[in-house]
Amino acid sequence: MNEQVYKMNLIETFNLVHIFECGQCFRWNIESDKSYTGVFKNNVLNVKIDGNQIVFKGICENDIKETVTEYFDLKRDYEKIKRDLSKIDEPLKNSIKYGSGIRLLNQDLWETIISFIISANNNIPRIKGIIERMSKQYGKPINWQNKTYYTFPEAKELSKASVEDLRKLGLGFRDQRVYETTKLILTKQVDLNELLKQKESKKIKETLLTLPGVGPKVADCIMLFSTLKCLDVFPVDVWVRRVMNELYFKLPEETSLKREQIEKLAREKYGSLAGLAQQYLFYWKRDA
DNA sequence: ACTCAGGTATTAC
DNA sequence: GTAATACCTGAG
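About the thresholds
Residues numbered from 1 in each chain as written. Chains lettered and ligands numbered in written order. Predicted model: local features only at pLDDT ≥ 70, side-chain atom pairs only at ≥ 80, totals over all residues. Helix = DSSP H or I, 4+ residues; strand = E, 2+ residues; numbered from the N terminus. Rg over C-alpha atoms; globule rule 2.2 N^0.38 Å. Buried ≥ 20, exposed ≤ 12 C-beta atoms within 10 Å, placed from the backbone. Contact = placed C-beta atoms within 7 Å. Near = placed C-beta within 6 Å. Nonpolar A, V, L, I, M, F, W, Y, C, P; charged D, E, K, R; others polar. Core = buried A, V, L, I, M, F, W, Y, C linked by C-beta atoms within 7 Å. Expected span 1.5 Å × (residues − 1). Arc of directions from axis to C-beta. Domains from an automatic or database assignment. Axes fitted to C-alpha atoms, helices over the stretch in contact; angles between N-to-C directions. Parallel < 35°, antiparallel > 145°, perpendicular 65-115°, else oblique. Left-handed = near helix turned anticlockwise from the far one by under 90°. Pairing = 2+ DSSP bridges.

**Q** Would you explain the overall build of chain A in this entry?
**A** When its secondary structure is counted, chain A shows 15 helices and seven strands. Against the 2.2 N^0.38 benchmark of 19 Å for 288 residues, chain A shows a C-alpha radius of gyration of 19 Å, consistent with a compact globule. Within chain A, buried positions represent 38% of all 288 residues. Within chain A, residue pairs in contact and separated by at least 24 positions form 63% of the contacts whose partners lie at least 6 positions apart.

The following block contains the structure:
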């Protein structure tokens, strides 16, 4: 496959650091020139800000313009979203200013499921390492600019790994969960294509929760960061718990509120855009 | 040696 | 139902 290039004018809501370091993805890495290179589907792409242009370059299975338009969620009006959310309150407004270039990627559903099962009680460097080793072992190679990259393995490819194989890759106690979930998806006991047709986020979540290793937080991340794009979910992790605690409950540090209380407040306050609000707050607080 | 990291599953009141 | 507890791993 040949290299393709696509350039577009830089827009306000597009910042590489904000997009790739906000915790939604694990396979994008910064280069010495501040550009980022990553693998998604059967594509290897480098994204670089060059003056007032965004330059997408790499090996792309289909038309690069269409591919990045979909993947980087370029058709959604983030300026309007930011305007609407900024009206809600001052802290949210500040967090939006801080993460002004965030966009939610449309990532492959299967890859997102496995990645976030691995993320449980884990840290980012280790999560990234595990996913790289998995891809190298079970994915397909793509060569570009004298380097070999590896696609994230499809369910069929990953199903070749035994629980023991997964443990060797460093999955730890998540090995069994990934193994079982892979089987359920491969045999279509959980049909991802059907799930993508489903409209109600409540039903989608119900189905995701049947997968081993998928609890409420991981389910929300999958719904927000994959092509499911349920913008109304509000993943509650340790950082968001902290931020909400401080901003709205004014309780002493590290007081544990129930997930339900936080979700309820988020629904009431942020409504159908709760997921975006979560990202701005998360990115703001975690960096602070 | 010991704590911690984008939680979940299991077991105990 | 709601509250503790165990759980791989490796970096600090």
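Still to come is the rest of the account.
**Q** Before we go on, may I ask you to explain the protein's contact with DNA strand C in this structure?
**A** Surveying the vicinity of DNA strand C reveals the residues Asn121, Arg126, Arg167, Gly170, Gly172 and Phe173. Each residue belonging to the surface near DNA strand C can be placed in one class, and the counts come to one nonpolar, three polar and two charged.

**Q** When you look at the nonpolar core in this model, what are you seeing that I'm missing?
**A** Membership of the largest hydrophobic core comes to 71 residues, with the highest contact counts inside it found for Ile117, Ile222, Ala277, Tyr280 and Leu281. Looking at this core, the element that brings in the most residues is helix H15 (residues 274–287), giving eight residues. Sequence-distant contacts of Tyr280, defined by excluding residues within four places in its chain, comprise Leu92, Ser95, Ile96, Gly99 and Ile102.

**Q** Looking at this model, I keep getting lost on helix H6 (residues 124–138). Mind explaining?
**A** One turn of an α-helix holds 3.6 residues; hence residues three or four places apart share an orientation. Across its 15 residues, H6 extends 21 Å between first and last C-alpha, which sits within 8% of the 21 Å expected from 1.5 Å per residue. Among all positions of H6, only Ile130, Ile131, Met134, Ser135 and Tyr138 are buried. The buried residues of H6 occupy an angular sector of 130° when the element is viewed end-on, so they sit on one face. On its buried side, H6 packs onto helix H5 (109–118), strand E7 (147–150) and helix H7 (155–158).

**Q** Explanation requested: the environment of Asn42 in the structure shown.
**A** Structurally, Asn42 can be placed in the loop between strand E3 (36–40) and strand E4 (43–50). Taking the C-alpha atoms as reference, Asn42 lies 9.3 Å from Pro141; in sequence the two are 99 residues apart. Not counting chain neighbours up to four residues away, the residues in contact with Asn42 comprise Glu61 and Thr151.

**Q** Looking at this model, I keep getting lost on the protein's contact with DNA strand B. Mind explaining?
**A** In the neighbourhood of DNA strand B, 18 residues make up the surrounding shell, with Gly23, Ala120, Gly215, Lys217 and Val218 lying closest. Sorting elements by how many residues they give to the surface near DNA strand B places helix H12 (residues 216–225) first, with four residues. In terms of residue class, the surface near DNA strand B is made up of eight nonpolar, eight polar and two charged.

**Q** Explanation requested: the domain arrangement of chain A in the structure shown.
**A** Quoted interface sizes are often the accessible area lost when the parts come together. Entries for chain A in the domain assignment read domain 1 (3–75), domain 2 (77–102 + 231–288) and domain 3 (109–225). Measuring from the centre of the C-alpha atoms in domain 1 to the corresponding centre in domain 3 gives 22 Å. Across the contact, eight residues belong to domain 1 and ten residues belong to domain 3. Classifying every residue of the side of domain 1 that touches domain 3 gives four nonpolar, three polar and one charged.

**Q** Would you mind going over the packing of helix H3 (residues 78–86) against helix H4 (residues 90–98) with me for this structure?
**A** Axes are the key here: two packed helices are described by the angle between their axes and the distance separating the axes. Relative orientation of the contacting elements H3 and H4 amounts to 150°, with a least axis distance of 8 Å. In terms of axis orientation, H3 runs roughly antiparallel to H4. Two secondary-structure elements touch here, H3 through Lys82, Leu85 and Ser86 and H4 through Leu92, Lys93 and Ile96. Residue composition of the contact of H3 with H4, by class: three nonpolar, one polar and two charged.

**Q** Sorry if this is basic, but what is going on with the packing of helix H11 (residues 201–208) against H12 here?
**A** In contact at an axis separation of 10 Å, H11 and H12 are set at 125° when each is read in the N-to-C sense. What the angle tells us is that H11 and H12 run oblique. As for the relative orientation of H11 and H12, their crossing is right-handed in sense. Contact with H11, carried on its side by Ser201, Ile204, Lys205 and Leu208, involves Ala219, Ile222 and Met223 of H12 and no other residues of that element. Along the lines of polarity and charge, the residues of the contact of H11 with H12 split into five nonpolar, one polar and one charged.

**Q** Explain the sheet that holds strand E1 (residues 3–9) to me, please; I cannot follow it from the model alone.
**A** Paired through their backbone hydrogen bonds, the strands of a sheet run either parallel or antiparallel. The strand order across the open sheet built from five strands is E1-E5-E4-E3-E2, with neighbouring strands paired in antiparallel fashion. The two strands at the open ends of the sheet, each matched to only one other strand, are E1 and strand E2 (28–30). Pairwise comparison of adjacent strand axes, ignoring direction, gives a mean angle of 20° for this sheet. With seven bridges joining them, E4 and strand E5 (residues 53–59) adopt antiparallel strand pairing. Residue pairing in the sheet places Leu45 in a bridge with Gly58 of E5.

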